[in-house]
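# Structural description and commentary
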Amino acid sequence: MAASGEKPYRVYRGGRNKGHVPLDRKSRRDRASRGSNGGPGKKAGRRRRWGWGRILLVSVLVLVVLLAAWSFAGYLSVRSGVSDANKRLPAGTTSALTKQNGLILSSPTNILLLGTDHSANGQAGRSTDDHSDSMMLLRTDPSRHRLVYLSIPRDLGVTIPGLGYSKINAAMQSGGPKLAIQTVNALLGSQLQVNHVVVVDFGSFVKLIDAVGGIDVNVPEKILSNRFDCPYPTQARCQQWQGWKFQKGVQHMNGHTALIYSRIRENQLNPADSDFSRGQHQQQVMQATLSKLASVSTFFRLPLNGSSLLAPLSTDLSTWDFAQLGWVKFRAGSTIHCRLGGTATGNGFITGGEENIQVIQEVLGNSAPQRPPAGNLFAPGCVVGNQQFK
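This structure is a prediction, so every number in the text was calculated from the model and none was measured.

Glancing now at a nonpolar patch on the surface. Judged by side-chain polarity, Trp50, Trp52, Ile55, Val58, Val62 and Leu66 come together as a nonpolar surface patch covering roughly 660 Å² of accessible area. Tracing the backbone shows tryptophan 50 in the loop between helix 1 (25-34) and helix 2 (52-88).

The biggest cluster of nonpolar side chains holds 39 residues, and the ones touching the most others in it are Ile215, Phe246, Met253, Tyr261 and Val285. Counting residues per element, this core draws most heavily on helix 6 (residues 255-263), which supplies four residues. Other than its neighbours up to four places away in sequence, tyrosine 261 contacts Val217, Asn218, Val219, Pro220, Ile223, Phe246, Met253, His281, Gln284 and Val285. In terms of nonpolar packing, the next biggest core, distinct from the first, is built from 36 residues, Ala170, Met172, Leu192 and Ile360 among them.

Taken as a whole, this structure holds five salt bridges when the rule is applied. Two residues, arginine 154 and aspartate 155, come together in a salt bridge whose shortest N-O distance is 3.8 Å. Accessibility expressed as a relative area gives 13% for arginine 154, which makes it buried. Judged by relative accessible area, aspartate 155 falls into the buried class, the value being 13%.

This part is about the sheet that holds strand 2 (residues 134-141). Read across the sheet, seven strands follow the order 11-6-1-2-3-12-15 without closing on themselves; strand pairing throughout is mixed. Looking at strand neighbours, the two that pair on one side only are strand 11 (313-315) and strand 15 (381-384), the edges of this open sheet. Sheet twist, expressed as the mean angle between neighbouring strand axes with direction ignored, is 20°. Contacts from helix 11 (residues 355-364) reach strand 2, strand 3 (146-152), strand 12 (334-339) and strand 15, with the element oriented near 155° to strand 3.

With that settled, consider empty space enclosed by the protein. Summed over all chains, the structure comprises two cavities of 30 Å³ or more. Of the voids in this model, the largest cavity is the one considered here, and its volume is about 100 Å³. Together, 13 residues line the largest cavity, and Ile152, Pro153, Phe276, Gly279 and Gln283 are the ones closest to its centre. Breaking the lining of the largest cavity down by element, the ones donating at least two residues are strand 2, strand 3 and helix 7 (275-293). Here the lining of the largest cavity is built from residues that sort into five nonpolar, five polar and three charged. Estimated volume of the second largest cavity: approximately 50 Å³. Considering the residues around the second largest cavity, the lining is formed by Leu113, Val200, Phe205, Leu208, Met286, Thr289, Leu290, Leu293 and Leu313.

Quick notes on the rules
- Residues numbered from 1 in each chain as written.
- Predicted model: local features only at pLDDT ≥ 70, side-chain atom pairs only at ≥ 80, totals over all residues.
- Heavy atoms only, no water.
- Patch = residues over 30% accessible without salt bridge, like charges linked within 9 Å, V, L, I, M, F, W, Y side chains within 5 Å.
- Areas by Shrake-Rupley, 256 points an atom, 1.4 Å probe, with all protein chains shown as cover.
- Salt bridge = Lys/Arg side-chain N within 4 Å of Asp/Glu carboxyl O.
- Helix = DSSP H or I, 4+ residues; strand = E, 2+ residues; numbered from the N terminus.
- Core = buried A, V, L, I, M, F, W, Y, C linked by side-chain atoms within 4.5 Å.
- Buried < 20%, exposed > 50% of the residue type's maximum accessible area, 1.4 Å probe, protein only.
- Contact = heavy atoms within 4.5 Å.
- Pairing = 2+ DSSP bridges.
- Axes fitted to C-alpha atoms, helices over the stretch in contact; angles between N-to-C directions.
- 1 Å grid on protein atoms, 1.4 Å probe; cavity = no way out; pocket = protein on both sides within 12 Å on 5 of 7 lines; lining within 4 Å.
- Points joined across faces, edges and corners; volume = space filled by probe spheres on them.
- Nonpolar A, V, L, I, M, F, W, Y, C, P; charged D, E, K, R; others polar.

As structure tokens, this is what we get:
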């Protein structure tokens, strides 16, 4: 028995939780080392949560990997189409091209665009000839961050090597793309030689334009065409049909609508329109399609239909060249539209003058763009951006 007044247990005060008997330090360490189930213990600690910075970093890395994989798949798809387009270009064509000094990414490049259309369109023999209905030079200028389109009228009178004086579009019919390149080189001079060529078959353009989701074309005036390619099945209904109608302003066109627009040679609402206007329509369609091909939306379609997109084209451009063109187009801050011209003669020819030399200097960037005089359909000159020739 304990002495009188002395308690048989020790009372601990301070830091005691109700219902728990405090342990000395050694007991606490032993208990922690055994763990809650009596086995060897693990160091206690909280699970660290991911911060927003780490989540963002991982998301960006995943996106980059997916983008790289998608780009590679698109490259393989386009490479197949480019290979087929190279094979479609007639043999010997590349011998007429001027070798480029440097990459398309960093050096000015001249690309001749030749549009052909084998539709009869009311003209005998049209379905079998190889006239270049549309002739246009695209000059990329990376140092100035600009693109320049030079339209060459199909009825412009020039001297064709081995053929003599004729309309420039006869070069394509007489000697194919090779003779067309040689003729354009002789016309434009040594400073504006053709480095690459693209031949576009308008008859196959329908599928291409539909594949890229359609194109936007700025129609310069209200149009009611002559009657061709009637959309109705009976002759009686076609006789009542007035023709194709287009409103003035920016129009979104699918492949069929764009093809119809490019074939209009008469406007019942403007008798001044002619075959010259038809060439301008075709050039608008070509420009809009090329811009859509180089767009971001088309990039994401490449792994799915990259090969088929190039089906209407024949070209010497490689897959790497197309990739460079897409980047130059993306970086371009301005677009200039120029045209050669002259005086219309009664025999259907356009006779060029000294003004065409000035236009070439504007294309080269040696002179500021000058608008052609208003009201002269055949006057040479240049306009900037979305401005229209009037």
